[in-house]
Amino acid sequence: MSEYAAIEKEAEIFTGICSRNDAIDPALFDRYGVKRGLRDKDGNGVIAGITNISRIDAFEMRDGVKTPCEGKLWYRGYNVYDLIRGLRGKRYGFEEIAYLLLLGDLPTRDQLNTFTDCLTKCRDLPSNFVRDVIMKAPSKDLMNSLTRSVLTLASYDDSVGDNSLQTQMEQCIKLISVFPMLAVYGYHAYNYYLNDGSMYIHRPQPELSTAENLLQMLRPDQQYTPLEAHVLDIALLLHMEHGGGNNSTFTTRVVTSSGADTYSVMAAALSSLKGPKHGGANIKVMEMMEDIRAHVKDPADEDEIRAYLGKIVDKEAFDCKGLIYGMGHAVYSLSDPRAVVFKSFVQQLAMAKGRKEDFDFYNSIERLAPQIIAEKRHIYKGVSTNVDFYSGFVYNMLGIPVELYTPIFAIARVVGWSAHRMEELVNVDKIIRPAYRSIMEPREYKPIEERG
């Protein structure tokens, strides 16, 4: 009996929806001049594919001139602002937006209930998996732990070699469901065996949302406030997807194109996300903020803050790399919409947690850093905060350990990876193979005795 028999009927329906909504006219690939590539000499992304899943807007045409604009993030044609505004704090959005990204449409209430039931049914790990896989090899590197768990799950799936779209959909739903468990249990194993802490293995509760379950599984007393869960839910929603060109999503596409199974694809994506230039950026923000606090006597003295930020940019302070972490983005110019929408929720949580002074400190850095960067680097087009600037602060206020920051990113982004995997499978049956220009010069072979 298939491990996914419990959701076989629903997965068949979901696969049909996905196939219908993800299908792209093949003529568009030629029309848009799609070539599988990387970046040009100016640092602009070379078109490697087309997608209907998400879009990032950072520029607009004004009088025929490409001009920076306020950033916009679109999920399946919907502005992320509108999606969050539509929730209005009345319900949790992770499940609803996961449906949207994976299946292409906003769900009706009945469709959402069916999809949520599927996620609930799949929040289960094989017998003794926690003991035999997670607890027997604890690691401080929770991304490695998460990746190992995902690959090991393949051993328990009799359908791992089944390439049908329905099976891929079932496997994606399963992984979306269990990622929170794999990450949190991995942390508890590390905390107990390597950090001399206590061990808590709380099962997910069927009536709770993904954000609620994440908090109750993590915390010893399993308690959380609605505000805490809603802010975490928004954080997950904002990290779910970010265009097909980000490193881990492109990795998902590349490995999918080779014909690899779902578990291998997600393990590859996790390995990409693990890099500090990608998923670990919010940890660098937290480290930098702690360093600034340690060297600024009065966190309310803007002149003192300004002077120290100048030292950071001049490579005289912090890690001496000249970067103010959390500032700027590879795509966005004037603003990162995720940071803009997230800030109001961060403020609500800070006030509830008695962390107003900390929020004000972040606010000062957010305001002063672009000025310093513009002065020192002569960048006048605008440098703004990105979502990483605030996400680490939020996780800190929620009592989430630093080791889980990047895994939480993965808990959200596995939804986007799944959507891109399905879109790739529906539309393209050709391996992605970028080219490198060789600069090698032919050389004459010499016997070993003649080599000087």
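Calculation criteria
Residues numbered from 1 in each chain as written. Predicted model: local features only at pLDDT ≥ 70, side-chain atom pairs only at ≥ 80, totals over all residues. Heavy atoms only, no water. Helix = DSSP H or I, 4+ residues; strand = E, 2+ residues; numbered from the N terminus. Rg over C-alpha atoms; globule rule 2.2 N^0.38 Å. Buried < 20%, exposed > 50% of the residue type's maximum accessible area, 1.4 Å probe, protein only. Contact = heavy atoms within 4.5 Å. Areas by Shrake-Rupley, 256 points an atom, 1.4 Å probe, with all protein chains shown as cover. Lys, Arg positive; Asp, Glu negative; His and termini not counted. Charge placed at Lys NZ, Arg CZ, Asp CG, Glu CD. Axes fitted to C-alpha atoms, helices over the stretch in contact; angles between N-to-C directions. Parallel < 35°, antiparallel > 145°, perpendicular 65-115°, else oblique. Left-handed = near helix turned anticlockwise from the far one by under 90°. Patch = residues over 30% accessible without salt bridge, like charges linked within 9 Å, V, L, I, M, F, W, Y side chains within 5 Å. Salt bridge = Lys/Arg side-chain N within 4 Å of Asp/Glu carboxyl O. Core = buried A, V, L, I, M, F, W, Y, C linked by side-chain atoms within 4.5 Å. Expected span 1.5 Å × (residues − 1). Polar contact = N/O pair within 3.5 Å; in protein donor to acceptor, adjacent residues only side chain to side chain. Pairing = 2+ DSSP bridges. Phe/Tyr/Trp six-rings, centres within 6.5 Å; stacked < 30°, edge-to-face > 60°.

1. What about the overall build of the protein?
- Counting secondary structure elements, the protein contains 18 helices and three strands.
- Whereas a compact globule of 452 residues would reach a radius of gyration of roughly 22 Å, the protein reaches 23 Å, a difference of no more than 12%.
- Overall, the protein is about 70 × 65 × 65 Å in size when its C-alpha atoms are taken along their principal axes.
- Here the protein holds 452 residues, and 52% of them are scored as buried.
- When contacts within the protein are restricted to residue pairs at least 6 apart in sequence, those whose partners lie at least 24 apart make up 73%.
- With an accessible surface of roughly 21,700 Å², the protein has 50% of that area assigned to carbon and sulfur atoms.
- The average position of the 53 basic charges and that of the 60 acidic charges among the side chains of the protein differ by 3 Å.

2. Thoughts on the packing of helix 4 (residues 94–103) against helix 8 (residues 165–193)
- The N-to-C vectors of helix 4 and helix 8 enclose an angle of 155 degrees; their axes lie 13 Å apart at closest approach. Judged by the angle between their axes, helix 4 and helix 8 are roughly antiparallel. Viewed along their axes, helix 4 and helix 8 form a crossing whose handedness is right-handed. Where helix 4 abuts helix 8, its residues Phe94, Leu102 and Leu103 lie against Met169, Ile173 and Ile176.

3. So, a nonpolar patch on the surface
- On the surface, Tyr192, Tyr193 and Leu194 cluster together into a nonpolar patch covering about 300 Å² of accessible area.
- Following the sequence through the fold, Leu194 ends up in the loop between helix 8 and helix 9 (210–218).

4. Re the nonpolar core
- Tyr75, Ile173, Phe179, Ile292, Leu309 and Phe342 are the most contacted members of the largest nonpolar core, which totals 124 residues.
- Broken down by element, this core gets its largest block of residues, 15 residues, from helix 8.
- Beyond its immediate stretch of four places on either side in the chain, Phe342 contacts Val231, Ile234, Ala235, Leu238, Val387, Tyr390, Ser391 and Val394.

5. Here's the deal with helix 14 (residues 302–313)
- With 12 residues, helix 14 extends 16 Å from end C-alpha to end C-alpha; this agrees with the ideal 16 Å at 1.5 Å per step.
- For helix 14, the full list of buried residues reads Ile305, Tyr308, Leu309, Gly310, Ile312 and Val313.
- For helix 14, the elements touching its buried residues are helix 13 (281–295) and helix 16 (356–377).
- Between the side-chain oxygen at the start of helix 14 and the backbone nitrogen of Asp303 there is a gap of 3.1 Å, and the oxygen is on Asp301.
- Among the residues trailing helix 14, Lys315 stands out with phi positive, at a value near 65 degrees.

6. Points about the pairing of strand 2 (residues 65–75)
- Two strands pair when backbone bridges link them, and strand 1 (residues 54–62) and strand 2 are joined in this way by eight bridges, in the antiparallel orientation. Counted as the bridge partner of Phe59 is Pro68 from strand 2.
- Counting the residues in the hairpin turn of strand 1 and strand 2 gives two residues, including Asp63, whose phi is positive at 55 degrees.
- Hairpin connection between strand 2 and strand 3 (residues 78–79): a loop of two residues separates the two successive antiparallel strands, and Arg76 in this loop has a positive phi of roughly 50 degrees.

7. A word on the packing of aromatic side chains
- Under the definition given, this model contains 13 aromatic pairs.
- Summarising the aromatic geometry, the rings of Phe14 and Phe115 are spaced 5.7 Å apart at their centres and angled 70 degrees between planes, so their arrangement reads as edge-to-face. Here Phe14, found in helix 1 (residues 8–22), pairs with Phe115, found in helix 5 (residues 109–122); they are 101 residues apart in sequence, far enough to count as distant. Each of the two residues, Phe14 as well as Phe115, counts as buried.
- Ring geometry for Tyr362 versus Phe393: centroids 4.4 Å apart, planes at 15 degrees, classification stacked. One end of the pair, Tyr362, is in helix 16; the other, Phe393, is in helix 17 (residues 388–397), and 31 residues separate them in sequence.
- A relative accessible area of 4% means that Tyr362 is categorised as buried.

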